[in-house]
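What follows is each chain in one-letter form.
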Amino acid sequence: MDRIEKSVLLRAPLERVWRAISDSKEFGTWFGVEFDAPFVAGKAMVGRMVPTQVDPEVAKLQEPHRGARFECTIEAIEPMTRFAFRWHPFAIDPNVDYSHEPTTLVEFRLSPEGSGTRLVITESGFDRVPLERRAKAFTANEGGWEHQSKLLEKYLSR
Amino acid sequence: MKANSAAPVFAALGDETRLAIVARLCRSGPQSIVQLTEDAKVTRQAVTKHLTLLEGAGHVRSARDGREKLWSVRTTRLVEAQRWLDQISRDWDSAIERLRILVEADLGLGHSTRSGPGGLTSSTRSRTVVAARPRRGDG
């Protein structure tokens, strides 16, 4: 339960895929985020959510999030092989300060395969994320976890 | 469900005895107070108190089996954790398809797809897309 891994074969040369991932402007194009600065290892990036430019259908779905703050910290830039950053998964509530919560690590690993590129994306560290946060992402009715953790708190303080 | 995979989920409870009780229920299935006390290093009274607390927080439930009360783990929390991961997994599927559109579209064309995804069919997208969610990093 600690990680998500995606492996995909892209019909594009390694250099092309590397650029699409490691160039902050290109990354933003497909991911749907806008950065003012290039990715630098160790740097905390702040961007804004914008609808993706490559898929009008998805862009429409992303429109409500336009302008939302997007933060990640670049962990590693190893040309043509690995790009990694940390972020807060499911940080969807603009009123919540997630800065003290544990982050997950997102890694892009590239290798040539035939005339294309094998891309493996791994997001790990989910075990460290409080379950309350995970549950909240889905609890439309607020009677769920919040109520129960308060109840628990009450019990424990006896 | 293995006890070790359940541990992080219940770590928030922050009490070794309660965690041991939950782990025992995960491992052995429904148990009576008597059975749970055998394993625990505390009194039956203490176990009862912990169970009541866990029940109040929605982590365990009890059911009558004849004259005995059997306690078991509620999996709802674990199911929620799994749903959360499934959602993030779908978000990545969607993001990967957008990356594919970008890098495969300009193959041999010599320009980026900013001019539009012309020539691409929706069949390159494997499933219903989910809007990427705003995320925050270490800040």
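For every chain, the first residue of the written sequence is number 1, and numbering continues from 1 onward in sequence order. Think of it this way: whatever chain is written first is A, whatever ligand is written first is 1, and the rest follow in order. Totals for whole chains, interfaces and linings use all residues, but because this is a predicted model, local features are given only for residues with pLDDT of at least 70 and pairs of side-chain atoms are given and counted only at 80 or more. The basis for every side-chain value is the complete set of non-hydrogen atoms in the structure, without hydrogens or water.

**Student:** So what's going on with the sheet that holds strand 6 (residues 104–113) of chain A? Which residues, and what values?
**Tutor:** Sheet strands pair by backbone hydrogen bonding; their relative direction is either parallel or antiparallel. All names here are of chain A. Pairing is antiparallel in the open sheet, where seven strands are placed in the order 1-7-6-5-4-3-2. Each end of this open sheet is capped by a strand with a single partner; those strands are strand 1 (3–10) and strand 2 (33–35). Sheet twist, expressed as the mean angle between neighbouring strand axes with direction ignored, is 30 degrees. Only heavy atoms matter for contacts: two residues are in contact if any of them lie within 4.5 Å across the pair. Angular values range over 0 to 180 degrees, each being the angle between N-to-C directions of two axes fitted as lines to C-alpha atoms, with helices fitted over their stretch in contact. Going along the chain from the N terminus, every DSSP run of H or I of four or more residues is numbered as a helix, and every run of E of two or more is numbered as a strand. Sitting on the sheet, helix 2 (residues 24–31) touches strand 2, strand 4 (69–78), strand 5 (82–87) and strand 6, and the angle it makes with strand 2 is about 165 degrees. DSSP calls a pair of strands paired once it identifies at least 2 bridges connecting them.

**Student:** Give me the packing of helix 1 (residues 14–22) of chain A against helix 2 of chain A: which residues, what numbers.
**Tutor:** All names here are of chain A. Across the interface, helix 1 lies against helix 2 with an axial gap of 5 Å and an inter-helix angle of 85 degrees. Taken together, the axes of helix 1 and helix 2 lie roughly perpendicular to each other. Of the residues in helix 2, those touching helix 1 at Arg-16, Arg-19, Ala-20, Ile-21 and Ser-22 are Ser-24, Glu-26, Phe-27 and Trp-30. Put simply, Ala, Val, Leu, Ile, Met, Phe, Trp, Tyr, Cys and Pro go in the nonpolar bin, Asp, Glu, Lys and Arg in the charged bin, and everything else, Gly too, in the polar bin. Partitioning the contact of helix 1 with helix 2 into residue classes produces four nonpolar, two polar and three charged. Any angle between 65 and 115 degrees counts as roughly perpendicular, while under 35 counts as roughly parallel, over 145 as roughly antiparallel, and the rest as oblique.

**Student:** Give a description of the pairing of strand 2 (residues 60–65) of chain B that names residues and reports values.
**Tutor:** Here six bridges tie strand 2 of chain B to strand 3 (residues 68–73) of chain B, and the two strands are oriented antiparallel to one another. Directly across from Val-60 of chain B, in strand 3 of chain B, lies its bridge partner Val-73 of chain B.

**Student:** Give a detailed account of the sheet that holds strand 1 (residues 31–32) of chain B, specifying residues and quantitative values.
**Tutor:** All names here are of chain B. Taking strand neighbours across the sheet as the criterion, the three strands line up as 1-3-2 in an open arrangement whose pairing is antiparallel. Here the strands that pair on one side only, and so sit at the sheet edges, are strand 1 and strand 2. The sheet contact formed by strand 1 and strand 3 spans two bridges and is antiparallel. When the bridges of strand 3 are listed, Ser-32 appears paired with Leu-70. Of the strands in this sheet, strand 1, strand 2 and strand 3 touch helix 2 (residues 16–28), which is tilted by about 95 degrees from strand 3. Here helix 4 (residues 44–56) sits on the sheet and contacts strand 2 and strand 3; the angle it forms with strand 2, its principal contact strand, is near 115 degrees.

**Student:** Explain the nonpolar core to me, and be specific about the residues and the numbers.
**Tutor:** With 41 residues, the main nonpolar core has Trp-30 and Phe-108 of chain A as its most contacted residues. No other element matches the 10 residues that helix 5 (residues 76–105) of chain B contributes to this core. Beyond its immediate chain neighbours, meaning those up to four positions away, Trp-30 of chain A contacts Ala-20, Ile-21, Thr-52, Val-54 and Phe-108 of chain A together with Ala-95, Arg-98, Leu-99 and Leu-102 of chain B. If you look at the next biggest cluster of nonpolar residues, it comprises 12 residues, including Ile-21, Leu-54, Val-60 and Trp-71 of chain B. Among buried residues, the Ala, Val, Leu, Ile, Met, Phe, Trp, Tyr and Cys ones that are joined through side-chain atoms within 4.5 Å form a nonpolar core. Only protein chains enter the accessibility calculation, which uses a 1.4 Å probe; a residue is then buried when its area is under 20% of its type maximum, exposed when over 50%, and partly exposed in between.

**Student:** Account for the pairing of strand 4 of chain A, with residues named and values stated.
**Tutor:** All names here are of chain A. The pairing of strand 3 (residues 44–49) with strand 4 spans five bridges and is classified as antiparallel. Bridge pairing links Arg-48 to Arg-69 in strand 4. Two strands pair when backbone bridges link them, and strand 4 and strand 5 are joined in this way by five bridges, in the antiparallel orientation. From the neighbouring strand, Ala-76 faces strand 5, where its bridge partner is Ala-84.

**Student:** So what's going on with the packing of helix 2 of chain B against helix 4 of chain B? Which residues, and what values?
**Tutor:** Residues and elements named next belong to chain B. One can describe the packing of helix 2 onto helix 4 by two numbers: an axis separation of 10 Å at closest approach and a directional angle of 75 degrees. In this view, helix 2 runs roughly perpendicular relative to helix 4, as classed from their interaxial angle. Here Thr-17, Arg-18, Ile-21 and Val-22 of helix 2 come into contact with helix 4, specifically with Val-47, His-50, Leu-51, Leu-53 and Leu-54. Here the residues of the contact of helix 2 with helix 4 are counted per class, giving six nonpolar, two polar and one charged.

What is shown is where atoms sit, not what they do.
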